Amino acid sequence: MARFWLLKCEPVVYSIADLERDGRTGWDSVRNYQVRNFMRDDMKPGDLGIFYHSNADPSGAAGVLKITKPGLPDPTQFDPKSEYHDPKSSRETPTWLMCEVAFVERFEGVVPLERLRGETALADMQILKRGNRLSITPLTEAEFKAIRALGAAVSGASEGIRAKSGARGKASR
DNA sequence: GCCAACGTTGGC
DNA sequence: GCCAACGTTGGC
């Protein structure tokens, strides 16, 4: 059965506009075991996800993507020049995984976090819970559909991927 | 810039 | 194995 996901990224680092331009990309630099295990064990090709802009103005849901290849070795762990380099990892048994994602659609505007919080159907969504810091979280089909419906209804008025003043730049992905 | 929440690290 | 210290995330 297909699953649904919410993938967070700071748009300063990589945005839905970048994915629209690129068509597909490797969702790399994840350095959290729980998220790695999601990609290894639970993601399947064809799963759909919400692309969420974090630490942005506004933060919120920006579009839809598709998981094309889950559980690939993350090349940044082998790159000594990368800030995500992990000298303890080997090519035979890579510690860190990524997934390849493809662009599906871009909402006309970002559905702001505040709007998501106001939605009864999303009351149990992990991303809205205090202290949640996982960059990829599972969604129920109902949650995915509710966000997609909000995205279809949003106008372009809230469009924008400006960095917030506190943005750390090339950090979370 | 602040701070709550949580993961990771390392001394013991 | 415990747990304090530290680092990171991300909304505000």
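Below, the discussion takes up the nonpolar core. Trp27, Phe51, Leu65, Val101 and Ile136 are the most contacted members of the largest nonpolar core, which has 21 residues in total. Those residues in contact with Phe51, other than ones at most four positions away along the chain, are Leu7, Cys9, Tyr14, Ser15, Ile16, Leu19, Trp27, Gly60, Ala61, Ala62, Gly63 and Leu65. In terms of nonpolar packing, the next biggest core, distinct from the first, is built from 20 residues, Phe4, Leu128, Ala146 and Val154 among them.

With that out of the way, let us pick up the sheet that holds strand β2 (residues 24-27). Strand order across the open sheet formed by six strands is β2-β6-β5-β3-β1-β7, with mixed pairing between neighbours. The sheet is open, and its two borders are formed by β2 and β7 (136-139), each paired with just one other strand. On average, each strand axis in the sheet is inclined to that of its neighbour by 35°, with strand direction left out of account. Along the sheet, helix α4 (residues 141-153) contacts β1 (4-9), β3 (48-53), β5 (60-73), β6 (97-112) and β7; its crossing angle with β6, the most-contacted strand, is approximately 45°.

On to the environment of Phe103, then. Note on placement: Phe103 falls in strand β6. You can call Phe103 partly exposed: its relative accessible area is 23%. Sequence-wise, Phe103 and Gly49 are 54 residues apart; in three dimensions their C-alpha atoms are separated by 10.0 Å. With residues near it in sequence (within four places) discarded, Phe103 still touches Ile16, Leu19, Glu20, Gly23 and Val64.

So, how was this worked out
Every chain's residues receive numbers from 1 upward, in the order its sequence appears when written. Whichever chain is written first is A, and whichever ligand is written first is 1; the rest continue in order. The predicted nature of this model means local features are confined to residues of pLDDT at least 70 and side-chain atom pairs, given and counted, to a pLDDT of 80 or more, with totals for whole chains, interfaces and linings taken over all residues. Side-chain figures throughout are based on the complete set of non-hydrogen atoms in the structure, without hydrogens or water. Joining through side-chain atoms within 4.5 Å is the link that ties buried Ala, Val, Leu, Ile, Met, Phe, Trp, Tyr and Cys residues into a set, and such a set is a nonpolar core. Only protein chains enter the area calculation, which uses a 1.4 Å probe; residues under 20% of their type maximum are buried, those over 50% are exposed, and those in between are partly exposed. Two residues form a contact once any of their heavy atoms are found within 4.5 Å. For two strands to pair, DSSP has to find at least two bridges joining them. A run of H or I in DSSP counts as a helix once it spans at least four residues, and a run of E counts as a strand once it spans at least two, with each numbered from the N terminus. Note on geometry: axes are C-alpha line fits, over the in-contact stretch for helices, and angles between N-to-C directions span 0 to 180 degrees.

These values are about where atoms sit, not about what they do.
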